[in-house]
Amino acid sequence: MRIKAAVLGATGLVGQRFVSLLANHPWFDLVALTASEKRVGRSYGEVVEWVIGEDVPDAVKDLQVLPNDLKVLRREGVEVAFSALPSSVAWGVEESLLKGGITVVSNASPMRLEPDIPLLNPEVNVSHLEVLEKQKRRGWSGRLVKVPNCSTAILTLALKPLIDVYRVRRVAVTTMQAISGAGLRGVPGYMIGCNVIPFIKGEEEKLTAESAKILGFVDKDSIRPSEVRVSASCTRVPVLDGHLESVFVDLDESVNPSEVVKVLKSFRGEIAGWGLPTAPENPVVVRGEEWRPQPRLDVMAGEGMSVVVGRVRVDEGDRLLKFFVLGHNTLRGAAGSGVLIGEAMVKKGLL
Ligand SMILES: NC(=O)c1ccc[n+]([C@@H]2O[C@H](COP(=O)([O-])OP(=O)(O)OC[C@H]3O[C@@H](n4cnc5c(N)ncnc54)[C@H](OP(=O)(O)O)[C@@H]3O)[C@@H](O)[C@H]2O)c1
């Protein structure tokens, strides 16, 4: 039987991606869409400024936009809500749904670092779903899983194969993040046109703290953070979609770039063989050309669910590994990972 799903914040950039992935999904039945009060009561097709290409899917055009209200969503039979609400309002809504028995898969940042809340990048740490058991102590009857920050999802997918094989000491990353990362009305054109802004509020701290949690281990029923420290500098660049990251990995051993490429290419991750509809065949794609990856050329690799690594090289006695990684921020970095998490929960009998 198909699982009844809602998208919260369905008119935003991440919300639109969720809608496009869920409108004709084989396991989920998209029955409810929410937005802010000013849009409630009108049809989704009428109020949404659809900006992600092609048209609003027919299956959802005529759905009436609903408020973010537990009673209303329960009336529609919603079992799982995919949340793309702004961080400022998300937690109040999500907590009420959890108490009312609706499972929430959320992109918003509040609660991401709580020890009993999985922060999931499925190929990297689907095993962290184990800690959901601990959430029972909160008195919720729904379950909460968080989607990582977009740059962190992209980075940790590229780091996981390396950490599994090599002795990694620390990682430094500089991000070049697309304007879609700031939402539909995020960065004024005058500020970002022909420009680079060397600051994104809160982003560097998220990369450090969330990477440690995602790359960590379940130890007794909580998550022990990884000892690999990630230090970040984040910039906003005039690119529509796709965060490019320049990564330096400091190792305790020498590595050979062609071996590293083999390790990255052969990575399939913790959900290999699960048959999840949104899982890319190759989570990490490696390009050999010196001028790749580029957002314009590579952002849709694996339908936006693969990250693309390029320019793999070494320095300092082969103990400093350098590469670029690119990922789609609203697919792999947000809605795509959210849907993949939902699918993994179905497979594990958690939905
Ligand atoms: N963009 C990314 O690449 C990305 C990546 C990872 C995580 N995230 C996170 O995902 C979430 C959504 O991001 P986004 O980029 O899609 O933002 P967005 O484009 O600004 O969309 C926000 C959505 O929330 C609704 N909303 C705004 N204020 C509201 C309120 N007071 N009450 C109820 N609904 C409200 C909006 O509805 P209206 O249209 O009616 O205003 C819209 O549907 C955020 O928490 C963000 O941090 C974003």
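Peer 1: So what exactly am I meant to see when it comes to the nonpolar core here?
Peer 2: Nonpolar side chains tend to gather and get buried jointly when the protein is soluble and globular. Of all hydrophobic cores here, the largest spans 97 residues; its most connected members are Val7, Phe18, Leu33, Ala81, Val309 and Val325. In terms of domain composition, this core takes at least three residues from each of domain 1 (3-149 + 335-347) and domain 2 (150-328). Once residues lying within four places of it in the same chain are set aside, the contact partners of Ala81 are Ala6, Leu8, Leu73, Leu97, Ile102 and Val104.

Peer 1: Where do I start with helix H12 (residues 331-347) in this structure?
Peer 2: Side chains of residues three or four places apart in an α-helix project in the same direction, reflecting 3.6 residues per turn. Under the 1.5 Å per step criterion, the end-to-end length of H12 is only 21 Å for 17 residues, more than 12% shorter than the ideal 24 Å. Most pronounced at Ser337, the bend in H12 amounts to some 45 degrees. Most of H12 sits inside the fold, with 15 of its 17 residues counted as buried. Backbone geometry just downstream of H12 places Gly349 in the positive-phi region, at approximately 75 degrees.

Peer 1: So what exactly am I meant to see when it comes to the sheet that holds strand S3 (residues 80-83) here?
Peer 2: To summarise the sheet geometry, strands pair through backbone hydrogen bonds and adopt either a parallel or an antiparallel arrangement. On the basis of which strands lie adjacent, the open sheet formed by five strands has the order S2-S1-S3-S4-S5 and parallel pairing. The outermost strands of the open sheet, each flanked by one partner alone, are strand S2 (28-33) and strand S5 (144-146). Put simply, the sheet's adjacent strands are angled 25 degrees from each other on average, direction ignored. Of the pairings in the sheet, the one linking S3 to strand S4 (residues 103-106) comprises four bridges and is parallel in character. Paired with Phe82 across the strands is Val105, a residue of S4. Relative to the sheet, helix H1 (residues 13-22) contacts strand S1 (3-8), S2 and S3, its axis offset from that of S1 by approximately 160 degrees. Packed onto the sheet, helix H5 (residues 87-99) meets S1, S3, S4 and S5 and runs at close to 155 degrees relative to S4.

Peer 1: Where do I start with unusual backbone geometry in this structure?
Peer 2: Peptide bonds are trans in most cases, and residues, glycine excluded, mostly fall at negative phi. Cis geometry is adopted by the peptide bond preceding Pro293, which originates at Arg292 and carries an omega value of 5 degrees. Here Pro293 lies in the loop between strand S11 (284-286) and helix H11 (295-298). The phi dihedral of Cys194 falls on the positive side, at around 50 degrees, and the residue is not glycine. Under the C-beta neighbour-count criterion, Cys194 is labelled exposed, with 5 such atoms within 10 Å. The backbone phi angle of Glu303 is positive, close to 55 degrees, even though this residue is not glycine. With respect to the element layout, Glu303 can be found in the loop between H11 and strand S12 (307-315).

Peer 1: How should helix H9 (residues 203-214) be read in this particular structure?
Peer 2: Taking 1.5 Å as the rise per residue, H9 with 12 residues should run 16 Å; its terminal C-alpha atoms sit 16 Å apart, in good agreement. By the burial criterion, the buried members of H9 are Glu203, Lys206, Leu207, Glu210, Ser211, Ala212, Lys213 and Ile214. Packing partners of the buried residues in H9 comprise helix H6 (122-125), helix H7 (150-165), strand S6 (168-177), strand S8 (222-224) and strand S9 (229-236).

Peer 1: Would you explain the domain arrangement of the protein in this entry?
Peer 2: In many analyses, interface size is given as the accessible surface area lost on bringing the parts together. Each assigned domain of the protein is listed with its residue range as follows: domain 1 (3-149 + 335-347) and domain 2 (150-328). Here the C-alpha centroids of domain 1 and domain 2 sit 24 Å apart. Each partner contributes to the interface: domain 1 provides 34 residues, whereas domain 2 provides 31 residues. Among the elements of the structure, H1, H6 and H12 are those that each provide at least two residues to the side of domain 1 that touches domain 2. Top contributing element to the side of domain 1 that touches domain 2 by residue count: H12, with seven residues. Here the residues of the side of domain 1 that touches domain 2 are counted per class, giving 16 nonpolar, 10 polar and eight charged.

Peer 1: Help me understand the pairing of S4 in this model?
Peer 2: A regular strand places its side chains on the two faces of the sheet in alternate fashion. A two-sided burial pattern is seen for S4, the buried positions comprising Thr103 and Val105 on one face and Val104 and Ser106 on the other. For the crossover from S3 across H5 to S4, the handedness is right-handed.

Peer 1: Help me out: how do you make sense of the packing of H7 against H12 in this one?
Peer 2: A pair of packed helices can be characterised by two numbers: the angle between their axes and the separation between those axes. Orientation of H7 relative to H12, taken along the N-to-C sense of each, is 90 degrees, at an axis distance of 8 Å. As the angle between them shows, H7 and H12 are arranged roughly perpendicular. Side by side, H7 and H12 meet where Cys150, Ala153 and Ile154 of the first sit next to Arg332, Gly333, Ala334 and Ser337 of the second. When the residues that make up the contact of H7 with H12 are grouped by side-chain class, the tally is four nonpolar, two polar and one charged.

Peer 1: What's the story with the site of the ligand in this structure? I'm lost.
Peer 2: Taken together, 29 residues lie around the ligand, and Gly9, Gly12, Val14, Ser36 and Gly183 are the ones closest in. Of all the elements in the fold, those that place two or more residues in the shell around the ligand are H1, H5 and H12. Its residues assigned to classes, the shell around the ligand shows 13 nonpolar, 14 polar and two charged.

Basis of the calculations
- Residues numbered from 1 in each chain as written.
- Predicted model: local features only at pLDDT ≥ 70, side-chain atom pairs only at ≥ 80, totals over all residues.
- Core = buried A, V, L, I, M, F, W, Y, C linked by C-beta atoms within 7 Å.
- Buried ≥ 20, exposed ≤ 12 C-beta atoms within 10 Å, placed from the backbone.
- Domains from an automatic or database assignment.
- Contact = placed C-beta atoms within 7 Å.
- Helix = DSSP H or I, 4+ residues; strand = E, 2+ residues; numbered from the N terminus.
- Expected span 1.5 Å × (residues − 1).
- Bend = angle between axes of the 7 residues up to and from the residue.
- Pairing = 2+ DSSP bridges.
- Axes fitted to C-alpha atoms, helices over the stretch in contact; angles between N-to-C directions.
- Nonpolar A, V, L, I, M, F, W, Y, C, P; charged D, E, K, R; others polar.
- Right-handed = clockwise from strand over helix to strand, strands pointing away.
- Parallel < 35°, antiparallel > 145°, perpendicular 65-115°, else oblique.
- Near = placed C-beta within 6 Å.

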